[in-house]
Amino acid sequence: MRAIVVGAGIGGLATALSLRRAGVDVTLVEQARRFSEVGAGIQLAPNATRELRRLGVLDAVAAPAAHPPHVSFLTWSDGSEICRYALGREAEEEFGAPYLVVHRADLHGALAAVPPAAVRLDTTVVAIDQDDRAARVTTATGERLEADLVVAADGIRSAARQWLFGEDAAVFSGTAAYRALLPAGEVAGLGLPPLAAWLGPDRHFVHYWVRRGELLNVVAVFTTRAATQESWTAKAEPGEPLRAFTGWDPRVRTVLERAGQVYRYGIHTRTPLTGWNAGRVTLLGDSAHAMVPFQAQGAAQAILDAAVLGDELTDATPADVPAALDRYVRRRVPAATGMQSRSARAGRDFHLPDGPEAEARNARMAAHAAEHRFMPQAPAWRVDVRDDRPPGPARGA
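These remarks concern the structure in this document. (Residues numbered from 1 in each chain as written. Predicted model: local features only at pLDDT ≥ 70, side-chain atom pairs only at ≥ 80, totals over all residues. Heavy atoms only, no water.)

1. Describing the overall build of the protein chain
Secondary structure assignment for the protein chain yields 13 helices and 18 strands. Taken over C-alpha atoms, the radius of gyration comes to 21 Å for the protein chain, in line with the 21 Å a tight globule of 397 residues would show. Structurally, the protein chain occupies a C-alpha span of about 65 × 45 × 40 Å along its principal axes. Residue burial in the protein chain is summarised as follows: out of 397 residues, 56% are buried. Considering only contacts within the protein chain whose residues lie at least 6 apart along the sequence, 76% involve residues at least 24 apart. When the accessible surface of the protein chain is split by element, carbon and sulfur atoms take 50% of a total near 16,500 Å². (Helix = DSSP H or I, 4+ residues; strand = E, 2+ residues; numbered from the N terminus. Rg over C-alpha atoms; globule rule 2.2 N^0.38 Å. Buried < 20%, exposed > 50% of the residue type's maximum accessible area, 1.4 Å probe, protein only. Contact = heavy atoms within 4.5 Å. Areas by Shrake-Rupley, 256 points an atom, 1.4 Å probe, with all protein chains shown as cover.)

2. Considerations on the environment of Val 29
The topology assignment puts Val 29 in strand 2 (residues 25-29). Considered as a pair, Val 29 and Asp 154 are 125 residues apart in the sequence and their alpha carbons are 9.8 Å apart.

3. Regarding the packing of helix 1 (residues 10-21) against helix 10 (residues 298-313)
Packed helix pairs are characterised by how far apart their axes lie and by the angle those axes make with each other. Where helix 1 contacts helix 10, the axes come no closer than 8 Å and their chain directions differ by 25°. As the angle between them shows, helix 1 and helix 10 are arranged roughly parallel. When you trace helix 1 past helix 10, the crossing you get is right-handed. Contact with helix 1, carried on its side by Ile 10, Gly 11, Ala 14, Thr 15, Ser 18 and Leu 19, involves Ala 299, Ala 302, Ile 303, Ala 306, Ala 307, Leu 309, Gly 310 and Leu 313 of helix 10 and no other residues of that element. Split by residue class, the contact of helix 1 with helix 10 holds ten nonpolar, four polar and no charged. (Axes fitted to C-alpha atoms, helices over the stretch in contact; angles between N-to-C directions. Parallel < 35°, antiparallel > 145°, perpendicular 65-115°, else oblique. Left-handed = near helix turned anticlockwise from the far one by under 90°. Nonpolar A, V, L, I, M, F, W, Y, C, P; charged D, E, K, R; others polar.)

4. Observations regarding the packing of aromatic side chains
For the structure on display, the rule yields ten aromatic pairs. Here the aromatic rings of Phe 95 and Phe 374 are separated by 5.0 Å at their centres, their planes lie at 70°, and the arrangement is edge-to-face. Placement of the pair is Phe 95 in helix 4 (residues 88-95) and Phe 374 in the loop between helix 12 (356-371) and helix 13 (379-382), with a sequence separation of 279 residues. Phe 95 gets classed as buried once you look at its relative accessible area, which sits at 6%. Seen in terms of ring centroids, Tyr 178 and Phe 222 are 4.8 Å apart; in terms of plane orientation they differ by 25°. Their pairing is stacked. Separated by 44 residues along the polypeptide, Tyr 178 in strand 12 (residues 171-183) and Phe 222 in strand 15 (residues 215-223) bring together distant segments of the chain. Each member of the pair, Tyr 178 as well as Phe 222, carries the same accessibility label: buried. (Phe/Tyr/Trp six-rings, centres within 6.5 Å; stacked < 30°, edge-to-face > 60°.)

5. What to know about the side chain of Thr 282
With respect to the secondary-structure elements, Thr 282 resides in strand 18 (residues 281-283). Those residues in contact with Thr 282 that lie beyond four places of it in its chain are Val 150, Val 151, Ala 152, Trp 276, Asn 277, Leu 325, Tyr 328 and Val 329.

6. Observations regarding the pattern of salt bridges
A full pass over the atoms with the stated rule returns 25 salt bridges. Residues Arg 84 and Glu 81 are paired through a salt bridge, measuring 3.1 Å at the closest nitrogen-oxygen approach. Arg 84 sits in the partly exposed class, given a relative accessible area of 45%. As a salt-bridge pair, Asp 106 and Arg 211 come within 2.7 Å of each other at their nearest N and O atoms. Taken as a pair, Asp 106 in helix 5 (residues 104-111) and Arg 211 in the loop between strand 14 (203-210) and strand 15 lie far apart in primary sequence, 105 residues in all. When its relative accessible area of 25% is taken as the criterion, Arg 211 is described as partly exposed. The network of salt bridges with shared partners includes Asp 129, Asp 131, Arg 133, Arg 136, Arg 144 and Glu 146. (Salt bridge = Lys/Arg side-chain N within 4 Å of Asp/Glu carboxyl O.)

7. Comments concerning helix 10
Under the 1.5 Å per step criterion, the end-to-end length of helix 10 is 23 Å for 16 residues, consistent within 8% with the ideal 22 Å. Most of helix 10 is tucked away: 15 of the 16 residues are buried. With its phi angle positive at about 65°, Asp 315 sits one or two positions after the end of helix 10. (Expected span 1.5 Å × (residues − 1).)

8. Some details on helix 12
Turn by turn, an α-helix covers 3.6 residues, leaving residues three or four places apart pointing in a common direction. The end-to-end C-alpha distance of helix 12 is 23 Å, a good match for the 22 Å that 16 residues give at a rise of 1.5 Å each. Restricting attention to buried positions, one finds in helix 12 the residues Ala 358, Arg 361, Asn 362, Met 365 and Ala 369. Down the axis of helix 12, the buried side of the element spans an arc of 95°, and every buried residue falls inside it. Residues of helix 12 that are exposed and angled more than 90 degrees away from the buried face: Pro 356, Glu 359, Ala 370 and Glu 371. At its buried positions, helix 12 is contacted by strand 4 (70-75), strand 5 (81-86), strand 13 (195-200) and helix 11 (321-350). (Arc of directions from axis to C-beta.)

Spelled out as structure tokens, the structure:
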């Protein structure tokens, strides 16, 4: 069995590892000249770290990660705690895998355990085609690569999605964010919780430690009507973040004052699809289901996609590929689409205006935390996708 994976982001690398463990000969195609990942943080809940363990990379990811003991939700203006949920050892014991916060480059580096001979860097795919026997990609140099299936993990601006399903651009979510990384010394003495989300009108502010507590990752999200570029390298104007968070708790403003270079990016999504595959070609990760990050599940869902795809292709033959991709999509579309919806709903809830609505939200959150140790989304962390097979035609059917 041979597969071509297009895109070497988190989803593409996880897919390459998962398929190799399933016995598939993988060629990973990436347009960048070298592996690189933007300097930003990422949260990995137990549903994701469980699969990283199966891929054999969890130890490498966990070593430089931070392991927050809890997450706090705070009021924007004075930092009073709305509620707190357990993470750390309690979550690992409950869900069988840790909750980690990591530097994205550390995760990417751990996943980049694909043999160099299987990687084609500096290779841009300009077309995908297929017939009953094989699928093929055409590169910008005119080369044609052939395999039994093609997995398009080419991100939120996926060209493959348009080739498969027609014009369908990324959708601006109505929110944008500032992001920054601060050395620990810059925020020493502020008494910041290890992982926190500050909730305010049309805004929320998230921070947590990465690199064993050496860096503070900051994401400051705001509602805006102006469509904003989806870019990880666009720089914010000096003073812009402070103006956007006028009146917030002094600790939030101190973090923004000391942040140095701050980047600004628009948060985009993709419209849910009922299916991601056609014949021997399928989408995976953000190309299939890009979502707003307000449940911290975007990367996790791509890793789960990779796990299920590898599961369905284990012991499969080339003739089995279209049916295996059908099963992969049936197993993953409901969960990923549901997470897209819940993430969007969480963003709206985080940004309620001061007054009765925000007070009611805070009361609901406090009541839930009084009865539950873990966050409302925690039941999703318990689900093992290897056992999550809905009714449908069995393998070989």
